[in-house]
Each structure stands twice: as C-alpha cells, then as structure tokens.
Amino acid sequence: MPRPIVRLVIGAGLVTALVAGLALYGTGSITGNGAGPCASSTPSLARVAAASRGEVAAMQAPDSSRPAPDLTFRGPDGAEMRLADLRGKLLLVNLWATWCAPCKAEMPALDRLQAALGGPDFAVVAINLDTRNTDKPPVWMRENGIAQLAYYADPGGRVLPAVQRDTGSTGLPTTLLVDGAGCTIGVMKGPAEWSGADARKLIEAALGRG
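Remember, predicted model here, so these are calculated numbers, not experimental data.

About the criteria used
- Residues numbered from 1 in each chain as written.
- Predicted model: local features only at pLDDT ≥ 70, side-chain atom pairs only at ≥ 80, totals over all residues.
- Heavy atoms only, no water.
- Helix = DSSP H or I, 4+ residues; strand = E, 2+ residues; numbered from the N terminus.
- Buried < 20%, exposed > 50% of the residue type's maximum accessible area, 1.4 Å probe, protein only.
- Contact = heavy atoms within 4.5 Å.
- Areas by Shrake-Rupley, 256 points an atom, 1.4 Å probe, with all protein chains shown as cover.
- Phe/Tyr/Trp six-rings, centres within 6.5 Å; stacked < 30°, edge-to-face > 60°.
- Arc of directions from axis to C-beta.
- Polar contact = N/O pair within 3.5 Å; in protein donor to acceptor, adjacent residues only side chain to side chain.

Let's shift gears to the overall build of the protein. Within the protein, the regular secondary structure consists of six helices and eight strands. Reading the helices (α) and strands (β) of the protein from amino to carboxyl end gives α-α-β-β-β-β-α-β-α-β-α-β-β-α. Expressed as a percentage of its 210 residues, the buried residues of the protein come to 49%. Taking all contacts inside the protein whose residues are at least 6 apart in sequence as the whole, residues at least 24 apart take part in 75%. Accessible surface, the protein: about 9500 Å² in total, of which carbon and sulfur atoms supply 53%.

Time to look at the packing of aromatic side chains. Tallied over the full model, the rule gives two aromatic pairs. Each ring, one from Phe73 and one from Tyr152, has its centre 5.8 Å from the other, and the planes form 80°; the classification is edge-to-face. Of this pair, Phe73 sits in strand β2 (residues 72-74) while Tyr152 is found in strand β6 (residues 152-153), placing the two residues 79 residues apart along the sequence. Each of the two residues, Phe73 as well as Tyr152, counts as buried. For the ring pair Trp96 and Trp140, a centre distance of 5.7 Å and an interplane angle of 40° mean the geometry is tilted. Pair noted here: Trp96 is in strand β4 (residues 90-96) and Trp140 is in helix α4 (residues 136-143), with a separation of 44 residues, a long-range link.

Attention shifts here to the side chain of Thr184. Among the secondary structure elements, Thr184 is positioned in strand β8 (residues 183-189). Given the relative accessible area of 0%, Thr184 is considered buried. Filtering out sequence-adjacent residues up to four positions away, Thr184 remains in contact with Leu45, Pro62, Arg66, Pro67, Ala68, Pro69, Asp166, Leu177 and Val178.

On to helix α6 (residues 197-206). Looking at α6, one finds that the buried residues are Ala199, Leu202, Ile203, Ala205 and Ala206. Relative to the axis of α6, the buried residues are bounded by an arc of 160° and lie together on one face. Looking at the buried positions of α6, the neighbouring elements they touch are α2 (42-51), β4, α3 (101-117), β5 (122-128), β7 (174-178) and β8. At the C-terminal side of α6, Gly208 shows a positive phi close to 80°.

Turning to its location among the elements, Pro37 is positioned in the loop between α1 (12-19) and α2. The exposure class of Pro37 is exposed, given its relative accessible area of 64%. For the pair Pro37 and Gly182, spaced 145 residues apart in sequence, the C-alpha to C-alpha distance is 8.9 Å. If we ignore the near neighbours within four places in the chain, the residues touching Pro37 are Pro67 and Cys183.

On to the environment of Asp179. Looking at where Asp179 falls in the secondary structure, it is placed in the loop between β7 and β8. Note: C-alpha distance between Asp179 and Lys89 (90 residues apart in sequence) is 6.4 Å. Setting aside anything within four residues of it in sequence, one finds Asp179 in contact with Ser41, Lys89, Leu90 and Ile185. Side-chain polar atoms of Asp179 contact the backbone nitrogen of Cys183, separated by 2.9 Å.

Given below as structure tokens:
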C-alpha cells in the first residue's frame, strides 16, 4: 500500500499549508510504455529528471513516456474543452481547489511563473476542482491577485479521478508536466515554489533550452 509522505516546502505560505496536514500522496513509481505516440518524448524525460532539484525536487519523471490522461473540463469561456486542445506547447497542469490550503498557497507562485515564462511555447493550466459554490474560485483568484492564469474548471468532478488513475496521486495539489506532443514527462504530488529559480530551470530544461 502507498505510504503517506510529508514534504518539507520552502516558503512561509507553503509551510503553513503543509502544517495543516491536508495532503497525503502515494509513493509508487510512474510507468509508461515508452513507445508509440510518445517515443519522441523520451529525451525530455532525462532532462526533467536532471532538472528536478531544490524546490522542485518532488517532480518525478515517468520511467518511460506515455500519453497524458484525456482530461475534459471547462475553458475560460465556460465551454467544454479537452487537454488535447492545448497541444503544441509545454503545459504545467495543476489541479487545485479552494478547500485545499496547500493549493491556494502555491497559486501566486504559479501566477508569477505564467507571467515570466508563459507564451507560445509554455502555459500553466490550473484547473479548479470545486464542485460546490462554483462562483467562489474566480472570486478568490481576483481577491488574491491571480491575474495571469486563465480560469479552467471542472465542476463535474471528472478530472481528479482521471489524474488519480493515471498518476496514483491521492491528494491535492497534483501537477502534471505535459509536452507539446501531449505526453506526460513529469508528475508532482504536492506543492512547490513555482516562481523560484529551480522551477524556471525545470521548465527551461523541459523545453530543451540551455
């Protein structure tokens, strides 16, 4: 059975959130088939594994490349969309909810990461998982100055089970790193300081830069 683990997170906001003890995660390895549509993503796995250091050391590259889960959710305009609709750029897909303290603690850093590196090659896709009081998350984002992240939501509750099946993660936040071919090249179970130098190096490495 997966064993609960506790991650030490640098940054007062994240430490406070973790002290609340709201996130437990499995520790099983992430596997894939290493062939088919994700064969070309294999070099990215080594780069992600090498760059998963410091504040993003919990980012785990799969043993071999595999397609990202087929997620369906609502886009910024409220219309239904799929993760595959964003194919063509590197995506940092973050699952969050207003009832998850560690999730809220890392949102400002995700917003800064999007502001710094977001563009034609990279985007942060933060998907809100609230299924009740669905008007609350966008209000919370505005009140907390989250201005760079587009608002994606899954009020139907389909995304979390799909990601849990794919990654073995049992808590929030959970973050997937998905390359332009739509293949998972990294999974993080728990929060991180996404606006720091370590996170930027990770994204640059995943993009094959430097």
